[in-house]
Amino acid sequence: MNHVAEGRQNFQVTLFIQGRRGNCSYQSELSIRSQKTFPFADYKPEKARMGTAGKVIKCKAAVLWGMNQPFSIEEIEVAPPKAKEVRVKILATGICRTDDHVTKGTMVSKFPVIVGHEAVGVVESVGEGVTTVRPGDKVVPLFLPQCRECNACLNPEGNLCIRSDLTGRGVLADGTSRFSCKGRPVQHFMNTSTFTEYTVLDESSVAKIDAAAPPEKACLIGCGFSTGYGAAVKTAKVTPGSTCAVFGLGGVGLSVIMGCKTAGASRIIGIDINKDKFQKALDVGATECISPKDFTKPISEVLADMTGNTVQYTFEVIGRLETMVNALSSCHMNYGTSVVVGAPPSAKMLSYDPMLLFTGRTWKGCVFGGWKSRDDVPKLVTEFLEKKFDLGQLITHTLPFKNVNEGFELLYSGQSVRTVLTF
């Protein structure tokens, strides 16, 4: 069951309907014959559950053995889920810049580790006490859990659940790993670890979604799209007719633009040093794009001149300290709001002039777009299925999972917006 392919099946469904009408009982039989192409048709959840539930699964995973090393496709062992845990077969996973932060050492992690956090999968089996999902459910793994019990989860404005692992703890809630390779434990990553055919997650890190959602697109809702889109519509609360500036035109930056457009912004300025990204930004909703390299004066002054000093919202979607301050300086000194969306480097301190805030600006952070993960991810998937936004605009490459290193090379070269790996 480690390899899932698209296939064509003939099938018959027989429905038996029993009941009473007045004083009479009845039973009717309806048979339906059809032929249809199903994505991932070879995967049969019930059969997989009967064969593997409660057992160790051997499968392929992309293991990162150390910093600045390539991913190594290895056979690993995945233990069964314990109480309140879920084992998931991954169908598709996106390559996000945050995964690369681990390889470069800008995000703390222990090694060896299985990274990946933007995915769609199917529940293979569940541990004792799991009530929100069951085998066969299509799910999105959540790097930002929602326990629904801590003060952040209970606060209407909060979403940074106490069970989040943004500091490289590398284990599940009970303090242990479910992965092993060559006799060694392998660390988890941000409660998810999706660069593997099977993974184990805490129940609080899984959201059940509509079964009709295509995995190779819906996986972006697990991180990149939701983070950027939510930064605009939920964290910043962009207003109709406003002017926005987005620093960084990768997958998350493009998602910010999509959110600004949905919110009704009249002017959306994309900013990046790579002009090859401009056309894609314009395609998803930017009204114009500029490169800081084309100017000698600070970008904040450039934007003020361009807009008559009316930039109300700015978004830093790169994760560089200098750019964070530039974005703050670029929103209106009195009523502007700047949102930090890009993950900052670990163990770095930022210095800025406090006068930037004293005059009235608002500076905000944004984790996962401000969404409450288990509550909001299913709603976002439904909106996608209703064609309220197009995730296909963000996907430039689709590769088989074994080509994970090629996917990262596309990221480094700037050729990809989002590369999706399929299993």
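Description of the structure in this document. (Residues numbered from 1 in each chain as written. Predicted model: local features only at pLDDT ≥ 70, side-chain atom pairs only at ≥ 80, totals over all residues. Heavy atoms only, no water.)

### Here we look at the sheet that holds strand E3 (residues 57-63)
The strands that make up a sheet pair up through hydrogen bonds in the backbone, lying either parallel or antiparallel. As summarised here, the arrangement of the four strands in space is E3-E4-E8-E9, forming an open sheet in which the pairing is antiparallel. Either end of the sheet is taken by a strand with one partner, and the two such strands are E3 and strand E9 (184-186). The mean inter-strand angle of the sheet, taken between neighbouring strand axes irrespective of direction, is 45 degrees. Pairing between strand E8 (residues 179-181) and E9: three bridges, direction antiparallel. When the bridges of E9 are listed, Cys181 appears paired with Arg184. (Pairing = 2+ DSSP bridges. Helix = DSSP H or I, 4+ residues; strand = E, 2+ residues; numbered from the N terminus. Axes fitted to C-alpha atoms, helices over the stretch in contact; angles between N-to-C directions.)

### Quick word on the nonpolar core
When a protein is soluble and globular, its nonpolar side chains tend to lie buried together. Counting 98 residues, the largest nonpolar core has Phe195, Val238 and Phe315 as its most contacted members. Not counting residues within four places of it along the chain, the set of residues in contact with Val238 comprises Ala232, Cys244, Cys260, Ala263, Ala265, Tyr313 and Phe315. Membership of the second largest hydrophobic core comes to 10 residues, among which are Ala245, Phe247, Ile271 and Val302. (Core = buried A, V, L, I, M, F, W, Y, C linked by side-chain atoms within 4.5 Å. Buried < 20%, exposed > 50% of the residue type's maximum accessible area, 1.4 Å probe, protein only. Contact = heavy atoms within 4.5 Å.)

### Regarding the environment of Pro145
As for its placement among the helices and strands, Pro145 is situated in the loop between strand E7 (138-141) and helix H3 (151-154). Under the relative-accessibility criterion, Pro145 is labelled buried at 1%. With 57 residues separating them along the chain, Pro145 and Asp202 place their C-alpha atoms 8.4 Å apart.

### Considering the packing of aromatic side chains
Under the definition given, this model contains 11 aromatic pairs. For the ring pair Phe225 and Tyr229, a centre distance of 4.8 Å and an interplane angle of 25 degrees mean the geometry is stacked. Remark: Tyr229 and Phe225 occur in helix H5 (residues 224-236); sequence separation between them is four residues, near one turn of the helix. In this structure, Phe225 and Tyr229 share a single accessibility class: buried. (Phe/Tyr/Trp six-rings, centres within 6.5 Å; stacked < 30°, edge-to-face > 60°.)

### Topic: the sheet that holds strand E14 (residues 288-290)
Overall, parallel pairing links the six strands, which are arranged E14-E13-E12-E15-E16-E17 in an open sheet. Each edge of the open sheet carries a strand with a single partner, namely E14 and strand E17 (362-365). Neighbouring strand axes in the sheet, compared pairwise and without regard to direction, differ in orientation by 20 degrees on average. When strand E12 (residues 243-247) meets strand E13 (residues 267-271), the two strands line up parallel, connected through five bridges. When the sheet's bridge partners are listed, Val246 is paired in E13 with Gly270.

### Quick notes on the pairing of strand E16 (residues 337-340)
Here is the key point about a regular strand: its side chains alternate between the two faces of the sheet. With burial as the criterion, each face of E16 is covered, one bearing Thr337 and Val339 and the other bearing Ser338 and Val340. Of the pairings in the sheet, the one linking E16 to E17 comprises four bridges and is parallel in character. Looking across to E17, one finds that Thr337 is bridged to Thr362.

### Overview of the pattern of salt bridges
One pass over the structure, following the stated rule, counts 19 salt bridges. Notably, a salt bridge pairs Arg169 with Asp165, separated by 4.0 Å at the nearest N-O pair. Of the charged contacts, one joins Lys388 and Glu386 as a salt bridge, the two residues approaching to 3.6 Å between their closest N and O atoms. Here the residues in one salt-bridge network are Lys82, Glu85, Asp174 and Arg178, joined through shared partners. (Salt bridge = Lys/Arg side-chain N within 4 Å of Asp/Glu carboxyl O.)

### Some details on the packing of helix H2 (residues 97-104) against helix H12 (residues 404-413)
Contact geometry for H2 and H12: axes closest at 11 Å, N-to-C directions at 95 degrees. By the criterion of interaxial angle, the relationship of H2 to H12 is roughly perpendicular. Residues Arg97, Asp99, Asp100, Thr103 and Lys104 of H2 pack against Phe408, Leu411 and Tyr412 of H12. The residue makeup of the contact of H2 with H12, split by class, is three nonpolar, one polar and four charged. (Parallel < 35°, antiparallel > 145°, perpendicular 65-115°, else oblique. Nonpolar A, V, L, I, M, F, W, Y, C, P; charged D, E, K, R; others polar.)

### As for the pairing of E13
Buried residues dominate E13, accounting for four of its five residues. Taken together, E13, helix H7 (residues 278-284) and E14 form a β-α-β motif whose crossover is right-handed. (Right-handed = clockwise from strand over helix to strand, strands pointing away.)

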